[in-house]
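Below are the chains, spelled out letter by letter.
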Amino acid sequence: MSFPLFRGLGAALLTLALLGCQKAGPEHAAFKGVDLTGADYAKTLNLTDQNGQPRSLADFKGKVVVVFFGYTQCPDVCPTTLAEVAEVKRSLGADGDKVQGVFVTLDPERDTQALLKAYLESFDPSFVGLRGTEAQTQAAAKEFKVFYAKVPGKTPETYTLDHTAASFVFDTQGRVRVYSRYGAGAQPLADDIKLLLAEK
């Protein structure tokens with residue numbers, strides 16, 4: 001996938017930021033990512049995991065959840081993001097067990113359950129991979145305001161995907177709270193997760 005990833009998406013991303021950007025309340029310090037507290041989207045996610053089990057956001061209640069949309073053949077953004085989430089989990093020590101990484105494939109055509117399982121285990125065995133039908137994938141992306149588009153390759157099988165490069169961070173009550181942009185690095189994400197873990 002080429003970078004920059006967004007072709008003509010400046011307006012859409014600005015809209016996303018404006019819709020989600022809220023002033024941090026007195027109950028927590030400012031997040032390093034975009035504060036999505038109170039956002040009216042990214043509320044549901046119902047797909048099948050890499051073990052064939054139906055999963056929803058409610059399954060992870062009690063943990064801070066980091067949701068990222070991508071695909072296993074992504075050459076740069078996806079592996080970098082997953083590696084950073086794994087790094088954050090390790091850096092938190094025992095609190096790392098309270099963080100759940102969730103990878104949603106935008107490429108169900110090629111990303112089988114078996115492939116997702118092997119791919120995610122190479123980063124962290126606790127990561128959950130979700131996939132659905134093409135229609136379910138489109139619905140999930142729409143719910144999260146995630147853009148993606150197929151970019152043809154030299155053969156029909158070698159296409160790539162341009163897609164939104166950011167993570168959505170949920171608090172322990174299952175509410176979306178932070179939009180963490182790609183390229184910010186592991187430390188800002190870790191800082192935001194610590195704030196969420198510290199909330200009562």
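Below or above, wherever it landed, is the structure these notes cover. Everything numeric here is computed off the predicted structure, so don't read it as measured data.

The rules we used
- Residues numbered from 1 in each chain as written.
- Predicted model: local features only at pLDDT ≥ 70, side-chain atom pairs only at ≥ 80, totals over all residues.
- Heavy atoms only, no water.
- Buried < 20%, exposed > 50% of the residue type's maximum accessible area, 1.4 Å probe, protein only.
- Helix = DSSP H or I, 4+ residues; strand = E, 2+ residues; numbered from the N terminus.
- Pairing = 2+ DSSP bridges.
- Contact = heavy atoms within 4.5 Å.
- Axes fitted to C-alpha atoms, helices over the stretch in contact; angles between N-to-C directions.
- Phe/Tyr/Trp six-rings, centres within 6.5 Å; stacked < 30°, edge-to-face > 60°.
- Core = buried A, V, L, I, M, F, W, Y, C linked by side-chain atoms within 4.5 Å.
- Right-handed = clockwise from strand over helix to strand, strands pointing away.

## Concerning the pairing of strand β10 (residues 176-181)
For step 1, the next point in the chain: Burial within β10 is extensive, with 5 of its 6 residues counted as buried.
For step 2, the next point in the chain: Strand direction decides the pairing type here: strand β1 (residues 34-35) and β10, joined by 2 bridges, are antiparallel. The residue bridging V34 from the neighbouring strand is Y179, located in β10.
For step 3, the next point in the chain: Bridge count between strand β9 (residues 166-170) and β10: 5 bridges; the pairing is antiparallel. When the sheet's bridge partners are listed, V169 is paired in β10 with V178.
For step 4, the next point in the chain: The hairpin turn running from β9 into β10, its antiparallel successor, is 5 residues long, and G174 in that turn takes a positive phi close to 85°.

## A look at the sheet that holds strand β3 (residues 54-55)
For step 1, the next point in the chain: In spatial order, the strands read β1-β10-β9-β4-β5-β6-β2-β3; together these 8 strands make up an open sheet with mixed pairing. Across the chains shown, the open sheet's two edge strands, defined by having one partner strand only, are β1 and β3.
For step 2, the next point in the chain: As paired strands, strand β2 (residues 47-49) and β3 are joined by 2 bridges and run antiparallel to one another. By the bridge assignment for β3, T48 is matched with P54.
For step 3, the next point in the chain: Strands β2, β5 (99-105) and β6 (128-131) of the sheet are contacted by helix α3 (residues 113-121), whose axis makes an angle of about 155° with β6.

## Topic: the packing of aromatic side chains
For step 1, the next point in the chain: Scanning the entire structure with this criterion turns up 8 aromatic pairs.
For step 2, the next point in the chain: With centroids separated by 6.0 Å and ring planes inclined at 55°, the aromatic side chains of F144 and F170 adopt a geometry described as tilted. Here F170 lies in strand β9 and F144 lies in the loop between α4 (134-143) and β7 (148-151), a separation of 26 residues in the sequence. Each member of the pair F144 and F170 is classed as buried.
For step 3, the next point in the chain: When the ring of F168 is compared with that of Y179, the centres are 5.4 Å apart and the planes differ by 75°; the resulting orientation is edge-to-face. One end of the pair, F168, is in strand β9; the other, Y179, is in strand β10, with 11 residues separating them in the sequence.
For step 4, the next point in the chain: In this structure Y179 comes out as buried when scored by relative accessible area, which is 7%.
For step 5, the next point in the chain: Joined through ring pairs, the aromatic side chains of F69, F144, F168, F170 and Y179 make up one cluster.

## With respect to the nonpolar core
For step 1, the next point in the chain: The biggest cluster of nonpolar side chains holds 57 residues, and the ones touching the most others in it are L45, V67, F69, F144, F168, F170 and I193.
For step 2, the next point in the chain: Apart from the residues lying within four places of it in its own chain, the contact partners of F144 are Y41, A42, T44, L45, V67, F69, F168 and F170.

## Let's talk about the pairing of β6
Two faces make up the sheet, and in a regular strand the side chains alternate between them.
For step 1, the next point in the chain: In this structure, β2 lies alongside β6, joined through 2 bridges in antiparallel fashion. Bridge pairing in β6 places T48 opposite R131.
For step 2, the next point in the chain: Relative to β6, β5 runs parallel, the two sharing 3 bridges. Counted as the bridge partner of V104 is L130 from β6.
For step 3, the next point in the chain: Tracing the backbone out of β5, into α3 and back to the parallel element β6 gives a crossover that is right-handed.

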